[in-house]
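# Residue-level structural notes
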Amino acid sequence: MALEISKVELHVKENNKEHRTDDVTVKRLMVRRGQNFKITLKTNRQFQPDTDTLIFTAETGPKPSEEKGTRCVFGFPKLTGAKKAWTALVQESGRSSMTLAISSPADASVGSYNLYMREGSHATPQSITNMVLLFNPWCTEDWVHLPEEAERQEYVMAEQGIIYRGSADRIGPLAWNFGQFEEDMVDICMKLLDMNPKCLRDPAEDFSARCNPIYVGRVVSAMINANGDRGILAGRWQTPYSGGVAPTKWSSSVDILRRWYKSYYSPVKYGQCWVFAGVMCTVLRCLGIPCRVVSNFQSAHDTDKNLTIDEYYTDHGVRPKESHDSVWNFHVWVEGWMKRPDLSGDSTYDGWQVLDPTPQEKSSGVFCCGPCPVKAVREGYTDLKYDIPFVFAEVNADQVIWMLMRDGSKHRLHTATSNVGQNISTKAVGAYRREDITASYKYPEVSKKERLVFEEAVRRGNEHKPRPQLSLKPPALKLEITEEKESITGQDLELSLLLHSEHLRELSVQINAQAMRYTGVPDSLVYREEKDVLLQPKQDLKISIRIPFSLYGTKMLDNSSLKVSALVHDKQHPGDGYLAVKNIVPQEPTITIQAPSTCQQFTEMTVEVIFDNPISSTLRDGVLTLTGSGLLRHPMVTRIPVLKADQRVRVQIPFTPYRAGSRKLMADLDCDTFRDIKASCNVEVKPNLVVCPPCTTFNEFIYGA
């Protein structure tokens, strides 16, 4: 009697739970490569694996082929010869049913697959299901295997996190919603891969290459920005942000990815480095590649690839706007975890790889960066793939400060070998605190090993580039700018300049403060003061600096910091100039979110947001935005037209959480005087026995009817 199959049970809920995708969906099969999933077949008799014919076919891409590894035929009797062999094993067999364990190879291409089945040698294949296959950090044979479970929970499963911004002296946390397990994120991420130029040129080759996390990481890095393709985000680093959203407004990748998808793949306006990185982290975690967001403070942008950053000041102490090189207050990228067998026969370069989606410089003609092995950066191996000279400069370039004279000449003031690459930071595993990972990128500053590595980097990657000979003689005059009290937006800033010399000196002091974009580009002059002083030998001289809020307040609306500089000239030695610089990032006012620490899924709850106007004038045009993946179906906006001096506003907002688990609620307040003040709180949503609220589809619940 011929074998007949009357029903196929996919065990979607059970399989997805085993593959840690049940948080995404329990409606369709979503599994990870290199790990089996089970299906049960209802049969008319007991299956005989040695004599019965039962053939499965798995296919992905527009032109699946066994040669390219995008098609595999497998089953009973066992077939051999496929480039990437899937397997089917009998787990249980009875007179009326049997259960099979099906597994893809650990190097299968990720993506959407059609799974077919036929019983008998001449039967027509029948479609079983359309399923999604993801990378598998739990599988030891997968190139993205991450050994520690706590790290897998943080770098693959965590949907909320922290992105660090500010300056090396004032590092601030920004709560970010990655939201990679929102049900529509997988389809959006797959569409992102489909829209990449390599896929549009040669889809068969692209789908075949999706087996390789190195390739996928590079593609995603290029597609997060919209430079040269139909990528996710358009970047803009200065006002106006017309036709879009200011980068400081964002606090969630989900909103950005949905806008791109719903606009039929038009770039979302606008992003800056932390936004690009936050979105890329979402995409990589969604695809199954372990990923974390990394912030580098005093981050260099080396345009001529000589590992030296030239910074210029005029002879009256103001930074001119034009400079090819720059040092950003901070720069944010991501690290993806993967093996690098393309660089070494052993595991030398396996592990964290820098991937930077911010469009700064082209790599092989495309605005992308990485994957760049962090281990190679630390050792100065700048001749390896990909983009190691650029990343090395970001964290370890030398900085040369020049003074531009009125006659067009330039005079080197000093060289800093330890200014670039400070406090490299990421969120700690399992905790909302900062972890400093600077030591993974470079040896301790001013150490002999760090200098040897620097010279190795120069030798390997930049032999053809001329480098200035750097003099490191100690300055004859010591000067330093310090904050007298904490700098708070809305208050006058109080600083001081401290001078010290071993000899009597008659000095000319020029003090300037410029509003700066976080990319190290000057925006406008805020404050200027000049004075002559007599510095007594071996005595400290303290000069007070007060910068009124009335001068800097409006200039800081769309800028991140004030660069306060003091240029000192010795009147007896006109050629001698001395410079001190201090980056000031004023502390923002605070908003408070009051919400229950626990609540019930699909049950309405209320949150209260409180804000006190901290200045002695009226705030106008206030907009309060509340977001939170799993908590709010869409951003909720409340307008606050007027808030008088010293007045408090309390806003109560009801909403219904729709996903269980640990969630983060985020608030953003914007007005005419302050830009995008942020706050967040954690909410634990307990699961409800009700499977779904009274709506017909998930999309209807997410997007509204």
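Residues numbered from 1 in each chain as written. Predicted model: local features only at pLDDT ≥ 70, side-chain atom pairs only at ≥ 80, totals over all residues. Heavy atoms only, no water.

Let me state the cut-off plainly: UniProt positions are given in the numbering used here, feature names are shortened, and annotations may be inferred rather than shown by experiment.
The name an unreviewed UniProt entry assigns to the protein is Protein-glutamine gamma-glutamyltransferase 2, from the organism Clupea harengus. Its UniProt record gives the protein a comment under Cofactor (unreviewed entry), which states: "Ca(2+)". Quoted verbatim from the Sequence similarities (unreviewed entry) heading of the UniProt record, the comment on the protein is "Belongs to the transglutaminase superfamily. Transglutaminase family."

### Focus on the overall build of the protein
How we decide: Each helix is a run of H or I in the DSSP string that is no shorter than four residues. Each strand is a run of E no shorter than two, and both are numbered from the N terminus. Put simply, the radius of gyration uses C-alpha atoms, and a globule should come to 2.2 Å times the residue count raised to 0.38. For every residue, the accessible area obtained with a 1.4 Å probe (protein chains only) is divided by the maximum for its type, and the residue is called buried under 20%, exposed over 50%, and partly exposed between those limits. Areas reported as accessible are Shrake-Rupley estimates using a 1.4 Å probe. Residue values count occlusion only from the protein chains shown. His is not counted, nor are the chain ends; Lys and Arg add positive charge and Asp and Glu add negative charge. Note on charges: their place is set at NZ of Lys, CZ of Arg, CG of Asp or CD of Glu.
Of the regular secondary structure elements, the protein holds 14 helices and 37 strands. In terms of overall size, the protein behaves like a compact globule, its C-alpha atoms giving a radius of gyration of 29 Å where 705 residues would be expected to give roughly 27 Å. Taken along the three principal axes of its C-alpha coordinates, the protein extends 110 × 60 × 40 Å. For the protein, the proportion of its 705 residues judged to be buried stands at 56%. Here the protein displays about 29,600 Å² of accessible surface, and carbon together with sulfur accounts for 49% of that area. Taking the average location of the 85 positive side-chain charges in the protein and that of its 86 negative ones, the two points are 2 Å from each other.

### Considering helix 7 (residues 253-262)
Cut-off, in case you're wondering: For this analysis, a polar contact is any N or O atom pair within 3.5 Å, provided that within protein one partner can donate a hydrogen and the other can accept it, and provided that sequence-adjacent residues contribute only side-chain to side-chain pairs.
Judged by how many residues are buried, helix 7 sits mostly within the fold: seven of 10 residues are covered. All of the buried residues in helix 7 are Ser253, Val254, Asp255, Ile256, Leu257, Arg258 and Trp260. Two to three positions downstream of the cap, the backbone nitrogen of Val254 sits 3.1 Å from a side-chain oxygen, assigning the N-cap of helix 7 to Ser252. After helix 7 finishes, the residue Tyr264 shows a positive phi value of roughly 60°.

### Section: the nonpolar core
For clarity, the cut-off: As used here, the term nonpolar core means buried Ala, Val, Leu, Ile, Met, Phe, Trp, Tyr and Cys residues forming a set that is joined through side-chain atoms within 4.5 Å. Contacts: residue pairs with any heavy atoms within 4.5 Å of one another.
If you look at the biggest cluster of nonpolar residues, it comprises 66 residues, and the most contacted ones within it are Leu192, Val220, Ile224, Ile232, Trp274, Leu287 and Val334. It is helix 8 (residues 273-287) that provides the largest number of residues to this core, a total of 12 residues. The residues touching Ile224, leaving out its near neighbours within four places in the chain, are Leu192, Gly231, Ile232, Leu233, Phe276, Val279, Met280, Val283 and Pro357. Residues Ile543, Leu562, Val568 and Ala679 belong to the second largest nonpolar core, which totals 58 residues.

### Topic: the sheet that holds strand 31 (residues 598-600)
Keep this limit in mind: For two strands to be treated as a pair, DSSP must find at least two bridges joining them. For every element, the axis is a line fit to its C-alpha atoms; helices are fit only across the contacting stretch, and the angle between N-to-C directions ranges from 0 to 180 degrees.
Spatial ordering of the open sheet is given by 31-37-36-33-34, a layout of five strands whose pairing is mixed. Bordering the open sheet on either side are strand 31 and strand 34 (636-643), each of which pairs with just one other strand. Sheet twist, expressed as the average angle between the axes of neighbouring strands with direction ignored, equals 30°. Alignment of strand 36 (residues 661-670) against strand 37 (residues 677-686), held across nine bridges, turns out to be antiparallel.

### Thoughts on the pairing of strand 20 (residues 410-416)
The pairing of strand 19 (residues 398-404) with strand 20 spans six bridges and is antiparallel. Counted as the bridge partner of Trp402 is Arg412 from strand 20. The hairpin turn running from strand 19 into strand 20, its antiparallel successor, is five residues long, and Gly408 in that turn takes a positive phi close to 95°.

### A few points about the environment of Arg285
Within the element layout of this structure, Arg285 appears in helix 8. Between the C-alpha atom of Arg285 and that of Leu689, which follows or precedes it by 404 residues, the distance is 28 Å. With residues near it in sequence (within four places) discarded, Arg285 still touches Glu154, Tyr155, Val156, Ala158, Phe178, Gln180, Cys291 and Arg292.

### A look at unusual backbone geometry
Each neighbour pair has its own omega, and for Thr239 with Pro240 the value is 5°, a cis peptide bond. One can find Pro240 in the loop between strand 12 (233-235) and helix 7. Not every positive phi belongs to a glycine, and Arg20 is a case in point at roughly 60°. In this structure, Arg20 sits in the loop between helix 1 (12-18) and strand 2 (30-32).

### Notes on the sheet that holds strand 16 (residues 326-338)
Strand order in the open sheet made by the six strands is 18-17-16-14-21-22, with antiparallel pairing throughout. A single partner strand is all that each edge strand has here, and the edge strands are strand 18 (372-373) and strand 22 (434-436). Bridge count between strand 14 (residues 291-301) and strand 21 (residues 422-427): two bridges; the pairing is antiparallel. By the bridge assignment for strand 21, Phe297 is matched with Gln422. Helix-sheet contacts for helix 8 involve strand 14, strand 16 and strand 17 (351-355), and the interaxial angle to strand 16 is about 5°.

### Thoughts on the packing of aromatic side chains
Formally: Only the six-membered ring of Trp is used, alongside the rings of Phe and Tyr, when aromatic pairs are assigned; centres must lie within 6.5 Å, and planes under 30 degrees apart are stacked while those over 60 apart are edge-to-face, with the rest tilted. Two thresholds decide whether a charge sits over a ring: the Lys NZ or Arg CZ must be within 6 Å of the ring centre and within 35 degrees of the ring normal.
Applying the stated criterion across every chain, the model contains 20 aromatic pairs. Ring centres 4.7 Å apart and planes at 25° place the aromatic pair Phe330 and Tyr518 in the stacked group. With Phe330 in strand 16 and Tyr518 in the loop between strand 25 (505-516) and strand 26 (522-535), this pair connects stretches of sequence that are 188 residues apart. Residue Phe330 shares its accessibility class with Tyr518, and that shared class is buried. When the ring centre of Phe207 is taken as origin, the NZ or CZ atom of Arg210, which lies over that ring, is 3.8 Å away.

### Remarks on the packing of helix 3 (residues 185-194) against helix 8
Pairs of packed helices are described in terms of their axes, by the angle between the two and the distance that separates them. The condition is simple: With respect to orientation, any angle under 35 degrees is reported as roughly parallel, any angle over 145 as roughly antiparallel, any angle of 65 to 115 as roughly perpendicular, and every other angle as oblique. Residues are grouped as follows: nonpolar covers Ala, Val, Leu, Ile, Met, Phe, Trp, Tyr, Cys and Pro; charged covers Asp, Glu, Lys and Arg; every other residue, Gly included, is treated as polar.
Across the interface, helix 3 lies against helix 8 with an axial gap of 10 Å and an inter-helix angle of 105°. In this view, helix 3 runs roughly perpendicular relative to helix 8, as classed from their interaxial angle. Contact residues: helix 3 offers Met185, Val186, Cys189, Met190, Leu192 and Leu193, while helix 8 offers Val283, Cys286 and Leu287. Here the residues of the contact of helix 3 with helix 8 sort into nine nonpolar, no polar and no charged.

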